[in-house]
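The primary structure of each chain is shown beneath.
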Amino acid sequence: MKEPKYLLSRGDEIKKQLDLTDEPSKPQKEQDAGVLILLHDDGESEIKVLLCVRSLQMRRHPGEVCFPGGMMDDEDGNDVRRTAIREAYEEVGIKETEDYVVLGNLPAFRARFGILIHPTVALLRRRPTFSLSQNEVDSIFWIPLSEFLDSTFHSTFAVEKYYMVHMFQFEEYPLTYGITALMCIIVAIGILEKAPNFSLMSNLTLEIMKEQQLSSLKIIRHVYQFSGNKFQNSKI
């Protein structure tokens, strides 16, 4: 069996494509979570992202697809990147520096029930030895980023003024929706430098993106402007 490659050479390019910051966003000190968006680039096939299926034993959102991550603790020292790194190790057993390198951070994204998610983007550097926390993670899977730009398995519905909930009902991968799907879409747009063939927001429709011939960077920066906004309906 051929040993897969783990390239780090595109790290600087990915930082620019996603407009990553060197410092994570500031926590709101109420409901802050850190997640790790772990990418695998072998230089031959398409870049993939790691996703988890939450354990059915979890009190919140059992069985849902998510990134490795969790709520910020006091031990994280008010640093949401530490949260992402700590939670990724606790949930799936991967270690910073040894298994992956951190590239930077996306702006914060507002999830359901007011939780503010702070995404840290990282690049895999070796074959990891995953060790799943059975109480938190049922399974993990790698999925090509291009799956999140294709309308074949995509559906959406609008909520609030600008926000749209995205859902992917794949044939080969678990159902992925909500804020996890949105972040996957954004990462795919940036890295693949390609617009999706569906609308992203009520003020960023497929027609607008085509008419204005928006670049991938302009598209994701538009989403960043609204990503951390609070919902008027806190139950979304």
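The structure displayed is predicted, hence computed values, not measured ones.

Structural notes on unusual backbone geometry
Then, in step 1: Even without being a glycine, Asn78 presents a positive backbone phi close to 65°.
Then, in step 2: As for its position among the elements, Asn78 is in the loop between β4 (69-71) and α2 (80-92).

Observations concerning the pattern of salt bridges
Then, in step 1: Summed over the entire model, instances satisfying the criterion amount to eleven salt bridges.
Then, in step 2: A salt bridge links Asp19 to Arg221; its shortest N-O distance comes to 2.8 Å. Of this pair, Asp19 sits in the loop between α1 (11-17) and β1 (32-40) while Arg221 sits in helix α5 (residues 216-227); the two residues are 202 residues apart in sequence, bridging distant segments of the chain.
Then, in step 3: Exposure remark for Asp19: the relative accessible area of 28% places this residue in the partly exposed category.
Then, in step 4: Look at Arg221 and you get partly exposed, because its relative accessible area is 41%.
Then, in step 5: With a shortest N-O distance of 4.0 Å, Asp79 and Arg82 are connected by a salt bridge.
Then, in step 6: When its relative accessible area of 48% is taken as the criterion, Arg82 is described as partly exposed.
Then, in step 7: Residues participating in the shared-partner salt-bridge network are Asp73, Asp76, Arg86, Glu87 and Glu90.

Describing the nonpolar core
Then, in step 1: Judged by nonpolar contacts, the single largest core of 52 residues is most densely connected at Leu18, Leu39, Val49, Leu106, Phe109, Phe148 and Leu200.
Then, in step 2: Those elements that place two or more of their residues in this core are β1, β2 (48-54), β7 (116-124), β8 (137-144), β10 (164-168), α3 (178-192) and α5.
Then, in step 3: The leading source of residues in this core is α3, at eleven residues.
Then, in step 4: For Val49, the contacting residues outside a window of four places in its chain are Ile37, Leu38, Leu39, Phe67, Phe141, Trp142, Ile143, Leu145, Phe148 and Cys184.
Then, in step 5: In terms of nonpolar packing, the next biggest core, distinct from the first, is built from 15 residues, Leu50, Ile85, Ala88 and Val137 among them.

Looking at the confidence of the model for the protein chain
Then, in step 1: With 93% of its residues at a pLDDT of at least 70, the protein chain reaches an overall mean of 91.
Then, in step 2: Ranking the elements of the protein chain by mean pLDDT puts strand β9 (residues 154-158) last with 91 and strand β5 (residues 100-105) first with 98.

A few points about the sheet that holds strand β11 (residues 176-177)
Then, in step 1: If you trace the three strands from one edge of the open sheet to the other, you get β9-β10-β11, paired in antiparallel fashion. One side of each edge strand has no neighbouring strand; the edge strands of this open sheet are β9 and β11.

Things to note about the pairing of β10
Then, in step 1: Counting buried residues in β10 gives four out of five residues, a clear majority hidden from the surface.
Then, in step 2: In the sheet, β9 pairs with β10 via five bridges, with the strands oriented antiparallel. The residue of β10 that forms the bridge with His154 is Phe168.
Then, in step 3: By the bridge criterion, two bridges tie β10 to β11 in an arrangement that is antiparallel. Following the sheet pairing, Met167 is matched in β11 by Tyr177.

What counts, and at which threshold
- Residues numbered from 1 in each chain as written.
- Predicted model: local features only at pLDDT ≥ 70, side-chain atom pairs only at ≥ 80, totals over all residues.
- Heavy atoms only, no water.
- Helix = DSSP H or I, 4+ residues; strand = E, 2+ residues; numbered from the N terminus.
- Salt bridge = Lys/Arg side-chain N within 4 Å of Asp/Glu carboxyl O.
- Buried < 20%, exposed > 50% of the residue type's maximum accessible area, 1.4 Å probe, protein only.
- Core = buried A, V, L, I, M, F, W, Y, C linked by side-chain atoms within 4.5 Å.
- Contact = heavy atoms within 4.5 Å.
- pLDDT = per-residue confidence, 0-100.
- Pairing = 2+ DSSP bridges.

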